[in-house]
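The chain contents come next:
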Amino acid sequence: MARSALLNVMVQAALKAGKSLSRDFGEVQNLQVSVKGPSDFVSQADLKAEKIVREELLKARPTYGFLGEESEEIQGTDGAHRWIVDPLDGTTNFLHGIPQFAVSIALERNGEVVAGVVFNPATDELFTAERGGGAFLNDRRLRVAVRRVLSDCVVGSGVPHLGRGNHGKFLVELRHVMGEVAGVRRLGAAALDLAYVAAGRFDGFWETDLSPWDMAAGMVLIREAGGFVSDMKGSSDIFDSGSIVAGNEYVQKALLEVTNRPVPTR
Ligand code: IPD
Ligand code: CA
Ligand code: CA
Ligand code: CA
């Protein structure tokens with residue numbers, strides 16, 4: 001499969017950071033870990049991976065801005081382009097030896113996400129997409145799932161960190177969704193969850209209290225696989241609201257309706 005020069009840059013950065021993550025995953029018990037907030041951890045592995053991605057991307061495109069989870073934002077001299085990077089999505093899984101984590105890299109152009117790469121080094125799964133060029137898992141072209149009826153669907157979600165987000169509200173959403181679908185999954189790495197929607201593994205996904213680096217790459221993967229994304233209010237202000245609802249045309253709409261049902265009175 002021939003990739004564009006842009007995707008090549010992103011893939012090389014993701015693979016290099018992925019190697020570093022794989023090494024650290026092998027000796028996870030020796031890693032230094034600090035706490036950013038209640039149940040919100042960052043390890044040496046996150047910091048090393050971010051440094052690698054940042055260096056690779058800025059070497060290839062020195063004028064672009066850079067927004068990463070673990071470092072100060074760089075504005076860049078080119079006002080139009082910004083990298084959005086989560087060097088290790090799924091830190092909690094990683095620190096528990098659970099092989100469900102990823103490097104996520106996206107490129108924003110004039111405020112629109114135009115390319116995304118999500119790489120899970122533990123499974124060697126590389127998800128790539130560029131606007132107008134389709135979405136791929138390794139060499140295979142991706143399409144979102146075709147199921148239309150919620151009772152046939154498996155959907156993913158995420159539980160907000162302790163002290164962040166509203167667990168009561170999430171439980172209401174979960175209760176409503178559980179009453180409609182075949183299954184709900186919480187795998188613990190939002191960027192991969194969204195890639196799973198693009199790959200048709202999840203029929204849909206919703207989560208609140210996320211950051212741009214959790215969602216940016218996944219958004220372009222899903223759109224390029226024929227799917228739809230909005231925030232929890234149905235608007236396209238996904239980064240501002242920090243919430244996302246995703247699926248094919250039918251499931252996205254249905255999930256939006258179900259997650260917005262009012263709190264039951266009894
Ligand atoms: C987290 C994961 C998780 C989601 C959290 C995120 P991190 O990212 O994506 O699935 O539920 O809200 O913060 O901290 O592991 O990069
Ligand atoms: Ca984090
Ligand atoms: Ca993340
Ligand atoms: Ca992270």
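Calculation rules
- Residues numbered from 1 in each chain as written.
- Chains lettered and ligands numbered in written order.
- Predicted model: local features only at pLDDT ≥ 70, side-chain atom pairs only at ≥ 80, totals over all residues.
- Near = placed C-beta within 6 Å.
- Helix = DSSP H or I, 4+ residues; strand = E, 2+ residues; numbered from the N terminus.
- Nonpolar A, V, L, I, M, F, W, Y, C, P; charged D, E, K, R; others polar.
- Domains from an automatic or database assignment.
- Expected span 1.5 Å × (residues − 1).
- Buried ≥ 20, exposed ≤ 12 C-beta atoms within 10 Å, placed from the backbone.
- Core = buried A, V, L, I, M, F, W, Y, C linked by C-beta atoms within 7 Å.
- Contact = placed C-beta atoms within 7 Å.
- Pairing = 2+ DSSP bridges.
- Axes fitted to C-alpha atoms, helices over the stretch in contact; angles between N-to-C directions.
- pLDDT = per-residue confidence, 0-100.

Peer 1: Just checking my understanding: could you explain the site of ligand 1 for this structure?
Peer 2: Surrounding ligand 1, one finds 13 residues, the nearest of these being Asp89, Thr91, Gly158, Gly188 and Ala190. When residues of the shell around ligand 1 are traced back to their parent elements, those giving at least two are strand S4 (81–89) and helix H3 (91–95). Tallied by class, the residues present in the shell around ligand 1 amount to three nonpolar, six polar and four charged. Inspection of the shell around ligand 1 shows a minimum of three residues originating in each of domain 1 (5–141) and domain 2 (150–259).

Peer 1: What am I meant to see in helix H2 (residues 44–60) here?
Peer 2: Side chains that are three or four residues apart share a direction in an α-helix, a result of its 3.6 residues per turn. Taking 1.5 Å as the rise per residue, H2 with 17 residues should run 24 Å; its terminal C-alpha atoms sit 25 Å apart, in good agreement. Where H2 is concerned, the buried positions are Ala45, Asp46, Ala49, Glu50, Ile52, Val53, Arg54 and Leu57.

Peer 1: Even after reading the chapter, I still don't get the nonpolar core, so can you show me in this structure?
Peer 2: Nonpolar side chains in soluble globular proteins tend to be buried together. Counting 81 residues, the largest nonpolar core has Ile105, Leu194, Ala198 and Leu221 as the members making the most contacts within it. When residues of this core are assigned to domains, at least three map to each of domain 1 (5–141) and domain 2 (150–259). Not counting residues within four places of it along the chain, the set of residues in contact with Ala198 comprises Phe127, Ala135, Leu142, Val144, Leu221, Ile222, Ala225 and Gly227.

Peer 1: How should the sheet that holds strand S8 (residues 134–137) be read in this particular structure?
Peer 2: Adjacent strands of a sheet pair through backbone hydrogen bonds, lying either parallel or antiparallel. The strand order across the open sheet formed by seven strands is S3-S4-S5-S6-S7-S8-S9, and the pairing between neighbours is mixed. Here the strands that pair on one side only, and so sit at the sheet edges, are strand S3 (65–68) and strand S9 (140–141). Bridge count between S4 and strand S5 (residues 102–109): seven bridges; the pairing is antiparallel. In the strand pairing of S5, Trp83 is matched with Leu107. Running at roughly 155° to S4, H2 makes contact with S3, S4 and S5 of the sheet.

Peer 1: Would you mind showing me how to read the confidence of the model for the protein here?
Peer 2: It should be kept in mind that the predicted coordinates are not to be read in detail where pLDDT is low. Overall, the prediction assigns the protein a mean pLDDT of 96, with 100% of residues at 70 or greater. Strand S1 (residues 33–37) is the least confidently modelled element of the protein, averaging 88 in pLDDT, while helix H5 (residues 190–198) averages 99, the highest of any element. Scored by ipTM, the complex comes to 0.98, with pTM at 0.97.

Peer 1: What is the right way to read the environment of Thr123 from this model?
Peer 2: Structurally, Thr123 is set in the loop between strand S6 (112–120) and strand S7 (125–130). Sequence spacing of Thr123 and Ala102 is 21 residues, and the spatial spacing of their C-alpha atoms is 9.7 Å.

Peer 1: Sorry if this is basic, but what is going on with helix H6 (residues 212–224) here?
Peer 2: Compared with an ideal rise of 1.5 Å per residue, which puts 13 residues at 18 Å, H6 spans 18 Å between its outermost C-alpha atoms and is within 8% of the ideal. Three or more residues of H6 are buried, namely Pro212, Trp213, Asp214, Met215, Ala216, Ala217, Gly218, Met219, Val220, Leu221, Ile222 and Glu224. Following H6 by one or two positions, Gly226 adopts a phi angle in the positive range, close to 90°.

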